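So you can see what is in the structure, the chains are spelled out below.
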Amino acid sequence: MLHVIVRVGILLLVLFSQLIWADPTQTPSQVRYNLSDEYIDLKQTYFIDLLRLAMEKSQQQYGDFELQAVAIDMPQRRAIKSVQESELDVVWTMSSIEREQQLKPVYFPLLKGLLGYRIAVIRKEDEDKFIDINDLEELQRIPVGQGLDWPDSDILQKQGFTLVRGADHNLLTMLNKKRFDYYLRGIHEPWSELVGRSNLMVETTFVIIYPAPIYFFVRQDNDLLAERIEYGLRAALADGSFDSLFYDHAITRGVLERVNLLTRREFRIDNPFLSDSSKNLLSERQLWFNE
């Protein structure tokens, strides 16, 4: 509770200072973010829309803004480095202790923790292989594919899964070629990815759950942008516009009904790479998806 009071106090101080010192003639704040133009991903639009919403909700207090897409394809590690080197101003990515040391996180889970609800993409011919798995250790022995530099990969490896890493855009091809037997995705992710891949399917019987917040991150010394984004996100949460975007966006609309969580066996595991600051957020129930 103390950290919630402190956070609210900080936001009130920031609001007060902005009202005093805001200059109506100032140049609009430019916010550069990465946009993949080769591997088009509908999920990008959610985070861009959410960034715009946060900036709009904070415009009266912090001034005008301009969002600028930097269209360069880069893995997560490179995007983080680009923010460190001031080539980008903001990046959205799943958090870890390491990433919170590299950049300044905005402690607000952009997907309500939904990324930590992991379902499997499998080859259709292997459907029966997973139907009767009731033991986590049995699932851990089956080779699973994840991204080269994803925090998820480190979590699964630390928790004893048989992990095979690959480049993000190659993982479905690797699954097809039997480099591993299942590929874990957040429950909002696989539906559009499987269009045109008739030999693959979303497995229907289990879900793996662990805390996995995605945050906006900025450069360590960019306090003002971090404060502005957090102010805007919390304002959007308070007036309902955040939840409206979350539940009605193209990548999340109808997903909870489609994935049917209540019928799936749950395998819950710890996230050993969750920082104390991120753990503290778990008590703010309004920030998280509630089954």
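For clarity, every value in this text was computed on a predicted model and none was experimentally measured.

### Brief notes about the packing of aromatic side chains
With the rule as written, the count across this model stands at 16 aromatic pairs. Ring geometry for tyrosine 215 against phenylalanine 217: centres 6.1 Å apart, planes inclined by 50°, an arrangement best described as tilted. A cation over a ring is seen here: lysine 112 above phenylalanine 246, with NZ or CZ 5.9 Å from the ring centre.

### Examining unusual backbone geometry
The phi dihedral of lysine 112 falls on the positive side, at around 55°, and the residue is not glycine. Relative to the helices and strands, lysine 112 is located in the loop between β4 (104-106) and β5 (117-123). Its identity is not glycine, yet lysine 178 carries a phi of approximately 65°, on the positive side. Inspection of the secondary structure assignment puts lysine 178 in the loop between α9 (171-176) and β8 (182-186).

### With respect to the nonpolar core
The biggest cluster of nonpolar side chains holds 90 residues, and the ones touching the most others in it are Tyr182, Phe216 and Ile229. Looking at this core element by element, the count peaks at 8 residues for helix α2 (residues 43-57).

### A word on the pattern of salt bridges
Scanning the entire structure with this criterion turns up 22 salt bridges. The salt bridge involving arginine 118 is made with aspartate 152; its shortest N-O contact spans 3.7 Å. Remark: aspartate 152 occurs in helix α8 (residues 151-158) and arginine 118 occurs in strand β5; sequence separation between them is 34 residues. Given the relative accessible area of 1%, arginine 118 is considered buried. Taking relative accessible area as the criterion, aspartate 152 reaches 4% and is therefore assigned buried. The salt bridge involving arginine 234 is made with glutamate 230; its shortest N-O contact spans 3.3 Å.

Reading the values: the criteria
- Residues numbered from 1 in each chain as written.
- Predicted model: local features only at pLDDT ≥ 70, side-chain atom pairs only at ≥ 80, totals over all residues.
- Heavy atoms only, no water.
- Phe/Tyr/Trp six-rings, centres within 6.5 Å; stacked < 30°, edge-to-face > 60°.
- Lys NZ or Arg CZ within 6 Å of the ring centre and 35° of its normal.
- Helix = DSSP H or I, 4+ residues; strand = E, 2+ residues; numbered from the N terminus.
- Core = buried A, V, L, I, M, F, W, Y, C linked by side-chain atoms within 4.5 Å.
- Buried < 20%, exposed > 50% of the residue type's maximum accessible area, 1.4 Å probe, protein only.
- Salt bridge = Lys/Arg side-chain N within 4 Å of Asp/Glu carboxyl O.

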